[in-house]
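# Coordinate analysis (summary)
Residue-level listing of the chains:
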Amino acid sequence: MNAGPDGLAQSSVPGRVEITARALTALARAVAAERLGAPAKRVRVGLGDHAGALALDVTGPIRAQADVLGAASAAAERVRSRVSELSGRQVGSAHIELTGIVREHEVRVR
């Protein structure tokens, strides 16, 4: 598939495919949750415009790790590129606001 003049994926099949804002939000939320290592139900995504491209505002926790700030910065880039790849839309920015830390819980044995 190639990108057309509107930035959307083009194929040889006649017709067009539209992705709703709701579907884009759900896609971005799933990608962000995976990249942050957080449950999707705790991640929120807002869509906006960034110089004609899609802008993502992600709010949620991140998995506990040594370099949280570095991991969040890397996650923003991975979210931006993966959402672009999956949706066929150009994503200009991904901003992540961290709201907490997700820790792995040890399973208690009785």
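Coordinates for the structure precede this section.
Our focus in this paragraph is the sheet that holds strand S4 (residues 53-63). If you walk across this open sheet you meet the 3 strands as S3-S4-S5, and the pairing is mixed. Each end of this open sheet is capped by a strand with a single partner; those strands are strand S3 (44-50) and strand S5 (91-102). Shown here is a sheet whose adjacent strand axes are inclined to one another by a mean of 20 degrees, direction ignored. Relative to the sheet, helix H2 (residues 68-87) contacts S4 and S5, its axis offset from that of S5 by approximately 135 degrees.

The next point concerns the side chain of Ser 87. Position of Ser 87 relative to the elements: it lies in helix H2. By relative accessible area, which is 8% here, Ser 87 ends up buried. At 2.7 Å, the side chain of Ser 87 forms a polar contact with the backbone oxygen of Val 83. At 3.2 Å, the side chain of Ser 87 and the backbone nitrogen of Arg 89 are in polar contact.

The rules we used
Residues numbered from 1 in each chain as written. Predicted model: local features only at pLDDT ≥ 70, side-chain atom pairs only at ≥ 80, totals over all residues. Heavy atoms only, no water. Pairing = 2+ DSSP bridges. Helix = DSSP H or I, 4+ residues; strand = E, 2+ residues; numbered from the N terminus. Axes fitted to C-alpha atoms, helices over the stretch in contact; angles between N-to-C directions. Contact = heavy atoms within 4.5 Å. Buried < 20%, exposed > 50% of the residue type's maximum accessible area, 1.4 Å probe, protein only. Polar contact = N/O pair within 3.5 Å; in protein donor to acceptor, adjacent residues only side chain to side chain.

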